[in-house]
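Survey of secondary and tertiary structure
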Amino acid sequence: MQFTVNVQELLEGLNTVTRALAARPPKQILEGVLIEADEEGITLTCSDGSLTIETAICADVREEGRAVLPGKLFTELCRKLPGGEVTIKVGDNHMAAIRCMSFKSNLAGMNPVEYPEMASVDAGTTIAIPQKELREMISRVVFAIATDESRQILTGCLLEVTAKEARLVALDGFRLAIQKVMKDFELPAGVETLKAVIPGRVLNELSKILAEEDEFCSMLIDKTRMQASFGNTKLSTVLLAGEYIDYRKILPPSFKTQAKADRTQVQNAIDRASLMAREGKNNLIRMAMNDATLAITSNAELGDVLEELDATLTGDPIEIAFNAKYITDVIRNITDDELCMHFNSNVSPCVVSPIDGDQYLYLILPVRVFS
């Protein structure tokens, strides 16, 4: 195998596919990046056994073939190349000769025959969402995906699609995050709602390689796998098995109190109060709301913080406490000018949603405190 390719394009491709490499792969061959060269160019592939990412790059191919080179080391070498074009030639002994301007290197590869064939999704339901919208949806829910493996289904994110909308739902037992996109989707006959639980790590990596553009990401979903295609890149993953929690049962049907305040002011006040909260034993932020004021406080042995903001309250006054990290994570993912919070009591969930519409919803469990 021999080809010549632009260094920057090769590096961008490697940065994309190596996101699928595992820290401790189940097989040594999966430490490598599979390079396939044909008349159309080269294709790079990395996998951890369940997640696979591949991308195609234009290249001048002089000899077709396949090779597997050490993924991390090859990427680092390419990152240090002087620029321009690089020529890579792999012999029968799997040794790669790398030449770029005055730079020369020989890199030992592995037998590509040992690289496992990756399962593909040939049939299923196709869902297409603009890359920019999908990237934003993912980035605003991933913080609420559970990391505790004891409830494996919650380490994934629920993709729920109906004829008129697609939504992502993440839940870790303390927070619930929902993001929606309103579009027409074509579902199989007799299917009202398509559901798939995508591993959290996969979604996180997907959001990092999606482009900030309106070109669509096409997701082909069957019962056990999902394949996302966008630009010259494909991502394939195993879906999590099992039923996701019925999150609708967690959402309160009505509220006794609604508070509105300037979102930026609240976020900045909470950030300042968090500095003191982190010095305390429980990392707590307290919020007290009445007709026209929102008071945000935090206490620790080293001191305390109090900040009062203008607010509009409908319903009964309320005092409630939250883990500073949980409330911060939610508010940082809201871009509306005004923050709208809904309450029933100081021990029931707080729901944050838009003043108009329902494109997002966040639920946060409060912390019970004894004054």
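Moving on, we get to the overall build of the chain. Within the chain, the regular secondary structure consists of six helices and 26 strands. When the backbone C-alpha atoms are referred to their principal axes, the chain occupies close to 75 × 55 × 35 Å. Expressed as a percentage of its 371 residues, the buried residues of the chain come to 50%. Look at the contacts in the chain between residues 6 or more apart in sequence, and 67% of them connect residues 24 or more apart. Put simply, the chain shows about 18500 Å² of open surface, and 46% of that area lies on carbon and sulfur atoms. In the chain, the 38 positive side-chain charges and the 53 negative ones have mean positions that sit 5 Å from each other.

Our focus in this paragraph is helix 3 (residues 131-139). Every buried residue of helix 3 is accounted for by Q131, L134, M137 and I138. Considered in projection along helix 3, the buried side chains sweep an arc of 130° and stay on one side of the axis.

A few words now on the packing of aromatic side chains. Applying the stated criterion to the full structure yields three aromatic pairs. In textbook terms, an aromatic cluster arises when at least three aromatic residues are bridged by ring pairs, as seen for F143, Y360 and Y362.

Counting 101 residues, the largest nonpolar core has L10, F74, M289 and I296 as its most contacted members. The leading source of residues in this core is helix 5 (residues 263-277), at six residues. With residues up to four places along the chain from it excluded, the contact list for F74 reads L10, L14, V33, I35, L69, I88, I98 and L107. Core analysis: the second largest hydrophobic core is formed by 15 residues, A146, I178, L240 and Y244 among them.

Turning to the environment of A295, a few remarks are in order. In this fold, A295 is placed in strand 20 (residues 293-300). For the pair A295 and A123, spaced 172 residues apart in sequence, the C-alpha separation works out to 55 Å. When near neighbours in sequence (up to four residues on either side) are disregarded, A295 contacts R286, M287, A288, L306, E307 and E308.

Moving on: the sheet that holds strand 15 (residues 216-221). Taken together, the eight strands give an open sheet; going across it, the order is 6-2-3-4-17-16-15-10, and neighbouring strands pair in antiparallel fashion. Both edges of this open sheet fall to strand 6 (65-70) and strand 10 (125-130), since each of them pairs with a single strand only. With strand direction ignored, the average angle separating the axes of adjacent strands in the sheet is 20°. Across five bridges, strand 4 (residues 51-57) lies against strand 17 (residues 233-238) in antiparallel orientation. Residue pairing across strands places T55 opposite T233, the latter belonging to strand 17. The strands touched by helix 3 are strand 10, strand 15 and strand 16 (225-230); relative to strand 10, the strand with the most contacts, the crossing angle is about 90°. Set on the sheet, helix 4 (residues 200-209) makes contact with strand 4, strand 16 and strand 17; between it and strand 17 the angle comes to about 170°.

Rules of the game
- Residues numbered from 1 in each chain as written.
- Predicted model: local features only at pLDDT ≥ 70, side-chain atom pairs only at ≥ 80, totals over all residues.
- Heavy atoms only, no water.
- Helix = DSSP H or I, 4+ residues; strand = E, 2+ residues; numbered from the N terminus.
- Buried < 20%, exposed > 50% of the residue type's maximum accessible area, 1.4 Å probe, protein only.
- Contact = heavy atoms within 4.5 Å.
- Areas by Shrake-Rupley, 256 points an atom, 1.4 Å probe, with all protein chains shown as cover.
- Lys, Arg positive; Asp, Glu negative; His and termini not counted.
- Charge placed at Lys NZ, Arg CZ, Asp CG, Glu CD.
- Arc of directions from axis to C-beta.
- Phe/Tyr/Trp six-rings, centres within 6.5 Å; stacked < 30°, edge-to-face > 60°.
- Core = buried A, V, L, I, M, F, W, Y, C linked by side-chain atoms within 4.5 Å.
- Pairing = 2+ DSSP bridges.
- Axes fitted to C-alpha atoms, helices over the stretch in contact; angles between N-to-C directions.

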